[in-house]
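Understanding the architecture of this molecule
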Amino acid sequence: MNDTDMTTENKKTGIRLLAIETSCDETAAAVVEDGRHVLSNIIYTQIKLHTVFGGVVPEIASRKHIEKINLVIEAALKEAGVTLDEIDGIAVTYGPGLVGALLVGVAEAKAIAYAAHKPLIGVHHIEGHISANYIEYKDLEPPFLCLVASGGHSHLVLVKDYGVYEIIGRTRDDAAGEAFDKVARAIGLGYPGGPKVDKLAREGNPHAIEFPRAKIADAPDDFSFSGLKSAVLNYLNQCQMKGEIVNKADVAASFQQAVVDVLTDHTIQAADRLGIDKVAIAGGVASNSTLRGQLEKACLENGKTFYHPAPDLCTDNAAMIGAAGYYEFIKGVRDGWDLNAVPNLKIGSR
Amino acid sequence: MRVLAMDSSGLVASVAIVEDDTLIAEYTVNYKKTHSQTLLPMLDEVVKMIGQDLSEIDVIAVAAGPGSFTGLRIGSATAKGLGFALDKPLVSVPTLEGLAANLYGIGDAVVCPMMDARRKQVYTGIYGYEGEEFQVILPQTACPVEEIIEKCNELGRKVILLGDGIPVYREMIEKRMTVEHCYAPAHLNRQRAGAVAKRAMDLIREGRTETAADHVPVYLRKSQAERELEAKGRKLEE
């Protein structure tokens, strides 16, 4: 354990964490009290900067992080109305993510914790996404099943207890969000694909084209989206060869429906099998309106309670890191000054 | 004036605490562990060893580039975090100036540090002294090694060479450098935070401190994606 202020070590309530998140293209800092109450949640998004490249450029993201990080942290403390002295610990995302981007947040958080004599807590980015539900639902307690879907991740995670996770299913190839980005590019919508496909899909017929719903024989909870992505690209190619005009809204709606069907079915089936009556979603794709709607309906029909964070808590943010960090903090988890970024960090690997 | 200095621009990780003209502590490691794992534990070790109260540090100096992009950001983020938490100013020391400050009392000779910048280039510059005063003769730049050798030849003064670019380009230097030259020995030929602190003192006297929030590394190079974009005649916009 680090040489930190002992007065805060045994406290379990009134804990204020300064949380920092730089795993991809958002520079974010937040102050969160007791894992559930967001005192501030500042996000500097770089999306515009990366749009011209059609995706996040790691080196550009890292450069932007170091430019903005102190401003974002200062704004988070100011908006929360607390000084660094009144903070009980520093939580920081140390993986998974882009290594260069993660390193900015990790080095900054370590230096602040070190100089201010505060405990340091490394947080898993996906565990953060899952914990966004604790912020939205003050009474939500484990166990629950959480569908995590974002640009880099598609996981079904059983949250057995605070900070105790078991991966039930995972993607075998592309993440759900990745498939959205690729399809968006193919139909000329640009980056980031998720919100753009979601918007266009509202004008299309979700049953116009029958795209495949992949099942993996020996692993019913796992996902596969690369076949679906290829099917969309093939469809577009065939239309082009036949000289047919593509109804982009129908393609977007039908593609999205295929993704949502798979995510919904797998989630409900796994929850049933595990005897879990609470289902949550997390991650950027969780802000997709069709997914929310369909999963909510399926939960209702299957006697399950559905939890979903507000859209601004689904995309990358630091408040969720403060939520996950709190439950690590009260368990006594402390990281050392040699904490490193781990780009392929596994869920529940601590 | 007490300066905490760090350099993580290359393979070397180095931290030092200097009070005026006394080097109180310095810890330098030239080993392949990542700076993310070494830099702060090294600082902690130094601070404990000398019982340093961090609030008594006046300025935090960091080798601000050029160098390994990731290495620079680890140093800069560490300096920014320390500066923020301690409410102290930062000073950006150009990496090549910090390297050159390893040497002193060299008369009319010049120092030419070279860092391997890959893509057949070096990060380099030419430095000397006018009396006791450090002089920047050629500000740090990224260029082909032939070009800096030519500049040294044109200058016609004795050259002291150092840096991690030397083992890579020594053969070419031997072939092309026509002026008298020599190579700095092991204890003077890589980044050392003590030298960064020394150069920082000069810059602080010139009033060139900055806030922790404002500090950014100096890369001297755009990212590959940006270069490719510009090659297509477009520019990165915010």
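Residues numbered from 1 in each chain as written. Chains lettered and ligands numbered in written order. Predicted model: local features only at pLDDT ≥ 70, side-chain atom pairs only at ≥ 80, totals over all residues.

Secondary structure assignment for chain B yields seven helices and ten strands. Here the C-alpha radius of gyration of chain B, 18 Å, is about what a compact globule of 238 residues would show, namely 18 Å. On the principal axes, the C-alpha backbone points of chain B span a range of 50 × 50 × 35 Å. In chain B, which comprises 238 residues, the proportion classed as buried is 47%. (Helix = DSSP H or I, 4+ residues; strand = E, 2+ residues; numbered from the N terminus. Rg over C-alpha atoms; globule rule 2.2 N^0.38 Å. Buried ≥ 20, exposed ≤ 12 C-beta atoms within 10 Å, placed from the backbone.)

A tally of regular secondary structure across chain A gives eleven helices and ten strands. A globule of 350 residues ought to have a C-alpha radius of gyration of about 20 Å, and chain A, at 20 Å, matches this closely. If you line up chain A on its principal axes, its C-alpha atoms span 70 × 45 × 35 Å. The burial tally for chain A puts 55% of its 350 residues in the buried class. A sequence separation of at least 24 residues applies to 75% of the contacts in chain A between residues at least 6 apart. (Contact = placed C-beta atoms within 7 Å.)

All names here are of chain B. The mixed open sheet is built from five strands, whose spatial order is E3-E2-E1-E4-E5. Two strands bound the open sheet, and with one partner strand each, they are strand E3 (22-30) and strand E5 (90-94). Put simply, the sheet's adjacent strands are angled 15° from each other on average, direction ignored. Direction of pairing for strand E1 (residues 2-7) relative to strand E2 (residues 12-19): antiparallel, over a ladder of six bridges. Paired with Met6 across the two strands is Val15, which belongs to E2. (Pairing = 2+ DSSP bridges. Axes fitted to C-alpha atoms, helices over the stretch in contact; angles between N-to-C directions.)

All names here are of chain A. For chain A, the domain assignment lists domain 1 (6-131 + 314-331) and domain 2 (142-309). The gap between the C-alpha centroids of domain 1 and domain 2 is 28 Å. If you look at the interface, domain 1 gives 14 residues, while domain 2 gives 21 residues. No other element matches the four residues that helix H4 (residues 125-136) contributes to the side of domain 1 that touches domain 2. (Domains from an automatic or database assignment.)

Since the α-helix packs 3.6 residues into each turn, any two residues three or four apart lie on the same face. The terminal C-alpha atoms of helix H1 (residues 35-49) of chain B, which comprises 15 residues, lie 20 Å apart, in line with the 21 Å expected from a rise of 1.5 Å per residue. Among all positions of H1(B), only His35(B), Ser36(B), Thr38(B), Leu39(B), Leu40(B), Met42(B) and Leu43(B) are buried. Tucked inside the fold, the buried residues of H1(B) contact helix H3 (99-116) of chain A together with E1, E2, E3 and helix H2 (69-86) of chain B. Residue Gly51(B) follows H1(B) closely and has a positive phi angle near 55°. (Expected span 1.5 Å × (residues − 1).)

On to the pairing of E1(B). All names here are of chain B. For E1, a buried count of five out of six residues is recorded, marking the element as mostly surrounded by other parts of the structure. Two strands pair when backbone bridges link them, and E1 and strand E4 (residues 59-65) are joined in this way by four bridges, in the parallel orientation. Paired with Val3 across the bridge in E4 is Val59.

If you look at the interface, chain B gives 32 residues, while chain A gives 34 residues. Put simply, the parts of the chain that give the side of chain B that touches chain A at least two residues each are H1, H2 and helix H7 (224-231) of chain B. Counting residues per element, the side of chain B that touches chain A draws most heavily on H2(B), which supplies 13 residues.

Residue and element names in this part refer to chain A. Here we have five strands laid out as an open sheet, ordered E3-E2-E1-E4-E5, and mixed in their pairing. Sheet topology places strand E3 (37-45) and strand E5 (120-124) at the edges, where each strand pairs with a single neighbour. The average angle at which neighbouring strand axes cross in this sheet is 20°, direction not considered. Here four bridges tie strand E1 (residues 16-21) to strand E4 (residues 89-95), and the two strands are oriented parallel to one another. Along E4, the bridge assignment pairs Leu18 with Ile90.

Looking now at the nonpolar core. By size, the foremost hydrophobic cluster in this structure holds 177 residues, and its most contacted members are Ala19(A), Ala29(A), Ala30(A), Cys146(A), Ala5(B) and Ala61(B). Residue contributions to this core peak at 14 residues, all from H3(A). Apart from the residues lying within four places of it in its own chain, the contact partners of Ala29(A) are Leu18(A), Ala19(A), Ile20(A), Ile42(A), Val72(A), Ile73(A), Ala76(A) and Ala318(A). (Core = buried A, V, L, I, M, F, W, Y, C linked by C-beta atoms within 7 Å.)

Turning to the environment of Tyr326(A), a few remarks are in order. Residues and elements named next belong to chain A. Within the element layout of this structure, Tyr326 appears in helix H11 (residues 319-331). Taking the number of C-beta atoms within 10 Å as the measure of exposure, Tyr326 has 30 and is therefore buried. In the structure, Tyr326 is positioned 313 residues away from Thr13 in sequence and 9.8 Å away in space, judged by C-alpha atoms. With near-sequence residues (within four places) excluded, Tyr326 lies in contact with Ile15, Leu17, Val32, Asp34 and Gly35.

Our next topic: the confidence of the model for chain B. In the predicted model, chain B carries a mean pLDDT of 96, and the fraction of residues at 70 or more is 99%. Model confidence for the complex is summarised by a pTM of 0.94, with the ipTM given as 0.97. (pLDDT = per-residue confidence, 0-100.)

Our next topic: the packing of helix H6 (residues 193-201) of chain A against helix H8 (residues 248-274) of chain A. Residue and element names in this part refer to chain A. At their nearest, the axes of H6 and H8 sit 8 Å apart, and the two run at 110° to each other. Comparing the axis directions of H6 and H8 gives the class roughly perpendicular. At the point where H6 passes H8, the crossing takes the left-handed sense. Judged by residue contacts, Val197, Asp198, Leu200 and Ala201 of H6 engage Lys248, Ala249, Ala252, Ala253 and Gln256 from H8. Its residues assigned to classes, the contact of H6 with H8 shows six nonpolar, one polar and two charged. (Parallel < 35°, antiparallel > 145°, perpendicular 65-115°, else oblique. Left-handed = near helix turned anticlockwise from the far one by under 90°. Nonpolar A, V, L, I, M, F, W, Y, C, P; charged D, E, K, R; others polar.)

With that settled, consider unusual backbone geometry. The peptide bond linking Gly95(A) to Pro96(A) adopts the cis configuration, its omega dihedral lying at -10°. One can find Pro96(A) in the loop between E4 and H3. Cis geometry marks the peptide bond from Pro142(A) to Pro143(A), where omega comes out at 5°. Tracing the sequence through the fold places Pro143(A) in the loop between H4 and strand E6 (144-149). Even without a glycine there, the phi angle at Asp20(B) is positive, about 45°. Relative to the assigned elements, Asp20(B) resides in the loop between E2 and E3.

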